[in-house]
Amino acid sequence: MNTDERESPRGAGPRRGGFDPIAMEVFSNRLMSITEDMNNTLVRSSFSTNIKERRDCSVALFDRRGRLVAQGTQIPLHLGSLDGGMQALIARIPVEAIAEGDAFICNDPYLANGTHLPDITVITPVFCNGRVEFFAANIGHHADVGGAVPGSIAGGARSIFEEGIRLPLTRICKAGRLDTELLELIGVNTRDPEERKLDLRVQIATNACGVKETHELIRQMGIDAVHAAVEDVIEYTRRRMRNRIARLQPGEYAFTEYLDDDGMGGEPVPIHARVRIENDQLEIDFTGSGAQARGAMNVPLNAVRACVYYSIKALLDPELWPNAGLFEAVRIHAPLGTIVNPKPPAAVGARSITCQKVCGAIFGAFRELLPPQQVMASGNDVVPAIVFSGELARRQGDYVYLETLGGGSGARYDADGMDAVHVHVTNTSNLPVEALENEYPLRVDEYALVEDSGGAGRHRGGLGIARQIRALVPNTIFSVRSDSHTVGVATGVFGGRDGRRARLIQNYGTAQAKTLFSKVARVELAPGDSMRIETPGGAGFGPPAERGLEAIARDLRDGRISREAAEADYGSERVSAALAS
Amino acid sequence: MYRIGIDVGGTFTDFTLLDEHDGQVVFHKVASTPADPSEAIASGIAELLRLHQLAPAQIAHIGHGTTVATNLVIERKGAFTGLLTTRGFRDVLEIGRQVRPHLYDYGHGKPPPLIAREHRIEVDERIDARGEVLHPLQDGALARAVLELKEAGVESVAICFLHAYRNPLHEQRARAAIERLFPQAYISVSSEVLPEFREFERLSTTALNAVVGPRMQTYLDRFLDRVRALGIAAEPFTIHSNGGLMSVRAVRAFPVRTCLSGPAAGVVGAAAIGRAVDFPSLVTFDVGGTSTDVSLVVAGAPLFSSLRSIADYPVKTPMVDIHVIGAGGGSIAAIDDAGALKVGPRSAGADPGPAAYARGGTQATITDAQIVLHRLNPVALLDGRLAVDEERARRALHDQVAAPLGLSLEEAAEGVIRIANANMGRAIRAVSTERGYDLSAFALFAYGGAGPLHAIDVAAECAIPAVIVPQEPGTMCARGMLLTDVSFDFVRSLIAIAEPASWVLAAELFAAMHAQALAWLERERVRESDRAFKYHIDARYEGQNFEVIVPLADGRAADLDRFLADFALVHEREYGYALQGKPVEIVNCRLQALGAVPKAPLTELSSGGSLASARHGQRRIYFGQRMGWVDTPVYLRPRLAAGTRIAGPAVIEEMSSTVALAPGRRADIDRIGNIIVQVASAER
C-alpha cells in the first residue's frame with residue numbers, strides 16, 4: 001500500500017487561508033531533524049575540544065534567496081552569524097555561477113560578514129533538478145587560526161592582520177572536488193594544521209549530510225510542498241514575533257552600559273542602545289556608543305546582530321524559532337567607526353566581553369518597555385577569561401589553560417538572580433578542579449560564591465564566583481581579559497541595588513596582596529604565587545525594603561550576605577527582626 | 001515455583017507472574033498508592049496469589065522496579081542533609097558547571113541546592129591529584145564539624161573531599177567520626193558511591209544518595225514487612241539503573257543507583273526478547289502518560305551512559321541510556337497565539353488525565369484524539385476496568401482544536417496524532433544520529449500503554465523497517481525484571497597515559513575491584529558457577545575531555561596492544577575516525593560483577609488457533625482522510641495463536657494496550673507471541 005499521502009507533512013492535510021498548522025508542525029520537526037542531524041555529525045566527528053566538547057558550533061539551512069529557514073545552535077552568539085556568510089554569498093556569487101558540489105568557506109568580518117576570524121563558516125548549495133533550492137551551512141570556532149598569539153585572540157591586537165588568516169568567500173570544493181591546495185594553505189597558516197584540516201573536512205561533510213537529508217525531504221514531499229511549508233514556517237515566526245512586539249509600549253527607550261576601558265587602558269567606553277517601537281517594527285540603534293577600540297574589543301556588525309537576536313528571543317519569546325521571520329521584524333543601526341561597527345582593519349578577536357555589554361544595554365533599554373514580570377535586572381554582563389600557561393610538570397611540552405568564568409545573573413520580578421552562571425551570549429562549562437589539578441602544575445585554593453556580591457533588592461542579584469589558583473612551578477604565565485572591575489557594573493532595577501564589581505588580586509590574603517586591572521597580559525608567577533579573580537554579582541530587583549524577612553534570614557544563615565552588608569542594605573532593625581524570626 | 005516482577009509506576013503498579021516450570025506468564029495491574037508504594041505491591045501480590053491459587057511459599061523470587069528515589073528528588077521530599085567537604089569548596093555543589101539551565105529562558109532557574117549552604121561544612125584537609133596528603137585532617141576539627149551538623153538536626157550526611165577517588169583516607173576517617181559521634185545519621189561517602197574524578201558530578205551523586213537514603217530505608221522496611229506478612233520468604237531484589245538486580249542491602253547503601261529502576265528493566269527486557277526473535281538491534285519506544293522513553297539496543301545489548309539529570313540534578317552512575325521526550329498519552333494539544341497547533345510538552349498526566357477519563361481533565365490530549373478516532377476503545381480500557389467517556393473527548397477536541405482551526409473533528413484528531421508522531425520521530429532520529437547509527441538496521445520495539453498505537457506511523461516516518469509489540473506492552477517493565485541478572489558496578493579512576501607502566505597500575509585496580517566484587521558476590525550468595533565479570537576502560541585521546549568505553553576481555557590478563565587497537569575501533573565507531581600514534585589516556589577502570597538468575601524462558605505460543613476464534617466484534621475506526629471511517633474487526637490478543645497473520649483493517653486489543661492496523665497493513669504473531677509489523681521502506 002502507499003501511505004505517502006498520510007505520511008507527507010503536507011499532502012492531504014487540511015488548509016485554511018493558505019496556512020496549514022498541522023503540516024507546519026510536522027514539517028518543522030523534519031526541518032529540526034535535518035539541523036540536529038547536521039549538528040550531531042559535526043560534534044561527533046570533529047576533533048577539536050572547542051567543537052566536540054564545548055560545542056562551539058552551529059548549523060543552518062537557508063532557502064535559495066538566502067533566507068534562514070532553520071538553525072541549530074548551542075551558542076547564542078551564533079544566532080544569525082551564519083546569516084552573514086550567506087548574505088556575502090548571495091551578494092557576490094550569481095546563482096548561475098554555483099555548481100552542484102561546490103562548497104564555500106569564509107571567516108572575514110569585513111569581507112564576508114564574519115564575527116571574528118576563529119569562527120569559520122562553510123556553505124554548500126542544495127540542488128534539485130539542476131537548480132539551487134537551498135543552502136546547508138555550518139560554523140565552527142577553531143582553536144587557532146594563526147596570528148600573533150596561540151588561540152588567535154589577543155586583547156592587544158592592533159589590527160585584524162595580527163589575528164590570523166583572513167578568508168573572503170572562497171570555493172573550497174569545486175563541483176564535488178575538495179581543493180586540497182587551499183586546505184593546505186589554510187592549514188599552514190595555523191598552529192595546529194592537522195586539527196584544522198580535520199575539522200574543516202568535518203565541516204564540509206556536515207553540509208553534505210544536510211544536503212542528503214534535504215534531498216530526502218524534497219523526494220518525499222515534492223519541491224512545491226517544501227517551499228509552501230517553508231513559507232508557512234517563516235510566516236508563522238514572523239506573525240508570532242509581531243504579536244510579541246505589538247504588546248510592547250510604543251516609543252523610544254535607551255540604556256547605556258560601560259566597559260572599563262577599550263582594552264588598552266584608555267577611557268571607559270559607553271555601549272548605548274536605543275530601542276524604538278513603531279507599529280509592529282522594532283528598531284535598535286547603537287548611535288552614542290564609543291569609538292572603535294584601539295585593541296581587539298570591537299564587535300563586527302554581524303556579531304551585533306547576533307546579540308540583538310539573542311536578546312529579543314530571551315526577552316520576548318525564548319521558544320521563538322530562529323529563522324528569517326525573527327530577523328525581518330528588527331532593524332539594526334550601528335554607526336561605522338564605533339566599537340559596535342569598526343572600520344577595517346580594526347582587530348575584533350576579543351569581542352565577547354563587548355558583546356555581553358551590547359546585550360546588557362539592550363536588556364536595559366527593554367526595562368521600560370516590558371511589563372515588570374518580564375524585566376530582569378542587569379547580570380554580570382562580562383565573560384572573564386583567565387589564561388595560565390607554562391611547562392607541563394609530568395611530561396614534555398607546554399600547556400595553555402584557558403577558562404571563562406560566569407558570575408551572578410540579574411534578579412527578576414519573582415526570583416533572586418542565579419548564582420555563578422554564564423549570561424547572554426556564552427554558556428560554557430568550567431574545567432573541574434580535579435581535572436585541572438591532574439592536568440596542569442596548578443592548585444586551586446578556592447572555588448566559591450562571592451559573599452555580598454549580589455545587589456540587594458526585593459529580589460537579590462546572583463552571586464559572582466571566586467576562583468583562586470596557585471602556581472606550583474616556575475615560569476607560570478598568567479593573563480586575563482575581564483571587565484567591570486572599575487567602571488562597568490550590574491545595575492539594579494525598580495529600586496534594586498547594583499551588583500558588586502569584579503576584582504583581580506595577586507597573592508590574596510598575604511602581605512604582598514596586590515589588586516590588578518581587568519586586563520593584564522603575561523604576569524609571571526613564581527611557585528606559590530596565586531591569582532584570585534572574583535567575578536561580578538548580578539543586580540537586585542525592587543526596593544531592598546520589600547525583601548522578605550525570611551529571605552534575609554536565609555541569606556544570613558547561608559552566608560550569602562554578611563551581617564554588615566545586610567544592615568547597610570536592609571537596615572539593622574529588619575536584620576534583627578529577620579534573625580529573631 | 002513462581003517468580004514475580006513488579007514495576008511501581010506513578011499511576012499503576014504492574015505485575016508479571018512467571019511459572020518456572022512451564023514458562024507461562026501472566027500479567028496484572030493495580031492502581032498505585034503513592035503515599036506508601038508498598039501497599040499496592042502487597043495488594044497486587046495478594047491478588048495474584050488468590051487469582052492463581054498459589055501458596056506464598058511457591059514464590060521463589062521477587063524483582064521490583066521503584067521510582068521512590070526519583071520521586072523523592074522530583075518532589076523535594078528527601079531527608080534534611082548536611083555535607084562535610086574540603087575547605088574552600090563547599091560551593092561546588094551550587095556552582096556546578098557554572099552554566100545556566102536554559103539558553104534563553106531566565107525564568108528557568110537552577111534548582112535549589114540539595115544541601116543548604118549553612119549545612120555545607122568545610123574542614124581543613126587537602127589531598128592532591130596524586131593522592132598525597134598535603135594537609136592532614138585533624139580529629140578535633142572533624143569532631144566539631146560532625147557535632148555542628150548533629151546539632152543542626154540533619155538526618156543524613158554526605159562526605160565529599162577533593163581527590164578522594166584517589167585516596168579515600170580522609171573520607172573514611174570522616175565516616176568513622178560520624179558513626180562514633182552521630183550514629184543515627186545516614187552516611188553517604190563519595191569514594192564509596194562514585195570513586196571517579198570530577199568533583200561536581202561525584203558530589204552531586206553523593207548528595208543525592210544522602211538525600212534519598214533515609215526515606216528509601218523506610219520504604220524498603222515497609223516493603224520487606226509486607227512481603228514477609230504475606231508469607232513470602234524469598235529475598236526481594238530491586239532493579240537498578242544499569243538494568244541489573246540489586247539486593248535490598250545494596251539498595252540501602254546506594255539508593256541513588258535506582259533512579260532509572262523501572263525504565264531500565266523495560267529496555268533490558270526488550271533486548272532479551274529482541275535477541276530471542278532475531279531482532280538484535282532495537283529502538284525501544286516506551287510511551288506512557290506524560291512522556292516517551294527512547295533508547296537504543298545494539299547487537300543485543302542496551303547502550304549505556306553514565307550521566308543524566310534528575311530534576312536538573314546531575315547523577316553519575318552506570319545506566320541504560322534512556323532519552324525522555326515530553327510526549328505521552330496525556331500530552332495536551334493547544335493552539336498558540338500565532339495559530340500553531342502544539343502537542344505537549346504540557347501534560348494532563350494521570351491526574352486530572354485525558355478528558356475522556358472523566359476524572360476532572362478538560363483539556364484535549366493525545367489519548368482523547370485516539371478515542372475520537374476509535375483507535376482506542378471508546379467504551380472502556382484495561383479489560384473494562386477503566387470507563388471511557390467518548391463524548392467528553394469529542395467535546396474537548398472540538399472546542400479546543402477543531403473549531404478554532406476550522407477543521408472537522410476527525411481532521412483535528414488526526415492532526416494531533418500526526419504532530420505527536422512527528423515529535424516522537426524527531427526524537428528517535430536525534431538519538432540515533434547522535435550515536436551515529438542508521439535506523440534502517442533497527443526494529444522499533446513498542447511498549448508502554450500507548451507505544452503500540454504510535455509505533456507503526458513513527459516507524460514509517462523514521463524509515464525503521466519493522467515494529468515489534470511484545471505481549472502486554474503496558475507491563476513490559478515488570479516483565480523485564482524477570483529477564484535480567486544480579487549485578488553490581490565498580491569503578492576506579494586512573495588518569496594516566498596508556499603505556500606499560502600505567503597498564504600495571506590498571507591491572508592492580510582491576511585486581512582490587514575483583515576482590516571487592518568477589519566479596520560482594522559472596523554476600524549476595526551467588527554460586528560460583530553463576531558468576532561472571534565484565535571489564536571496561538573509559539579512555540580518550542590525550543587532550544580530549546570525554547571518554548569512550550572500551551570493553552576488555554579480562555581486566556587482569558588484558559593485553560595493552562589489544563586494548564589500544566580496541567580503543568581505536570571504538571573511537572572510530574563512535575566518532576567516525578581514529579588517530580594513529582596519538583597517545584591514549586586511561587581515565588576510569590570499570591568492573592561489573594554479575595550473578596546469573598534463572599530467567600523466564602520465553603515460551604513458545606501454541607499455534608494453529610483460528611483467527612475467527614479471536615474475533616470480538618467490530619467497530620468503525622478512522623484511518624486518515626483518504627480512507628476515512630472503516631469497519632474494523634476487533635481481535636483479542638490473548639486468543640491469537642503463533643503464526644497467525646492479520647490483515648488490516650484490524651484492531652488488536654489486550655488488557656494494557658491496543659494495536660490499530662490500517663487497511664493494507666499486515667501483522668504476524670511470532671512464535672513467542674510478539675506482534676511483528678513490517679513497515680516497507682518504500683513508504684518513506
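From a predicted model like this one, the values you see are computed outputs, not experimental measurements.

This paragraph deals with the sheet that holds strand β12 (residues 385–391) of chain A. All names here are of chain A. With respect to topology, four strands assemble into an open sheet ordered β13-β12-β16-β19, the strand pairing being antiparallel. Each edge of the open sheet carries a strand with a single partner, namely β13 (398–404) and β19 (519–525). Neighbour-to-neighbour, the strand axes of the sheet open up by a mean angle of 15°, direction not taken into account.

The biggest cluster of nonpolar side chains holds 373 residues, and the ones touching the most others in it are A:C307, A:I362, B:V416, B:L444 and B:V467. Of all hydrophobic cores here, the second largest spans seven residues; its members include A:A456, A:I552, A:Y570 and A:A578.

Turning to the domain arrangement of chain A, a few remarks are in order. Residue and element names in this part refer to chain A. Partitioning chain A into structural domains gives domain 1 (4–239) and domain 2 (373–547). A C-alpha centroid distance of 34 Å is found between domain 1 and domain 2. Domain 1 puts six residues into the contact, and the matching count from domain 2 is eight residues.

Attention now goes to helix α7 (residues 223–246) of chain A. Residue and element names in this part refer to chain A. With 24 residues, α7 should cover 34 Å at 1.5 Å per step; its first-to-last C-alpha distance of 34 Å lies within 8% of that length. Within the sequence span of α7, burial applies to V226, A228, A229, V230, D232, V233, I234, Y236, T237, R240, M241 and R244. Those residues of α7 that are buried are in contact with α2 (21–45), β1 (57–63), β2 (68–73), α6 (193–221), α8 (301–316) and α9 (324–328).

Attention now moves to the interface of chain B and chain A. Between chain B and chain A, the contact holds 65 residues from the first and 63 residues from the second. Elements with a contribution of two residues or more to the side of chain B that touches chain A: α3 (92–95), α7 (199–229), α12 (409–434) and α13 (451–462) of chain B. Sorting elements by how many residues they give to the side of chain B that touches chain A places α12(B) first, with 12 residues.

With that settled, the discussion passes to helix α1 (residues 37–51) of chain B. Residues and elements named next belong to chain B. Here α1 is 15 residues long and its end C-alpha atoms lie 21 Å apart, about the 21 Å a rise of 1.5 Å per residue gives. What α1 keeps buried is the set P37, S38, A40, I41, A42, G44, I45, L48 and L49. Q53 sits one or two residues past α1 and shows a positive phi near 50°.

Now for the sheet that holds strand β31 (residues 615–622) of chain B. All names here are of chain B. On the basis of which strands lie adjacent, the open sheet formed by four strands has the order β31-β32-β34-β35 and mixed pairing. In the strand order of this sheet, the two ends are held by β31 and β35 (658–661), each with one partner. Pairwise comparison of adjacent strand axes, ignoring direction, gives a mean angle of 25° for this sheet. Sheet topology places strand β32 (residues 629–636) next to strand β34 (residues 650–653); three bridges connect them, and they run parallel. Looking across to β34, one finds that V634 is bridged to V651.

Attention now goes to the packing of α2(A) against α7(A). All names here are of chain A. Where α2 contacts α7, the two axes come as close as 9 Å, and the packing angle between them is 95°. Viewed along their axes, α2 and α7 adopt a mutual orientation that is roughly perpendicular. Taking contact as the criterion, the partners of A23, M24, F27, S28 and L31 in α2 are, on α7, A229, D232, V233 and Y236. Of the residues in the contact of α2 with α7, the class split is seven nonpolar, one polar and one charged.

The rules behind the values
- Residues numbered from 1 in each chain as written.
- Chains lettered and ligands numbered in written order.
- Predicted model: local features only at pLDDT ≥ 70, side-chain atom pairs only at ≥ 80, totals over all residues.
- Pairing = 2+ DSSP bridges.
- Helix = DSSP H or I, 4+ residues; strand = E, 2+ residues; numbered from the N terminus.
- Axes fitted to C-alpha atoms, helices over the stretch in contact; angles between N-to-C directions.
- Core = buried A, V, L, I, M, F, W, Y, C linked by C-beta atoms within 7 Å.
- Buried ≥ 20, exposed ≤ 12 C-beta atoms within 10 Å, placed from the backbone.
- Domains from an automatic or database assignment.
- Contact = placed C-beta atoms within 7 Å.
- Expected span 1.5 Å × (residues − 1).
- Parallel < 35°, antiparallel > 145°, perpendicular 65-115°, else oblique.
- Nonpolar A, V, L, I, M, F, W, Y, C, P; charged D, E, K, R; others polar.

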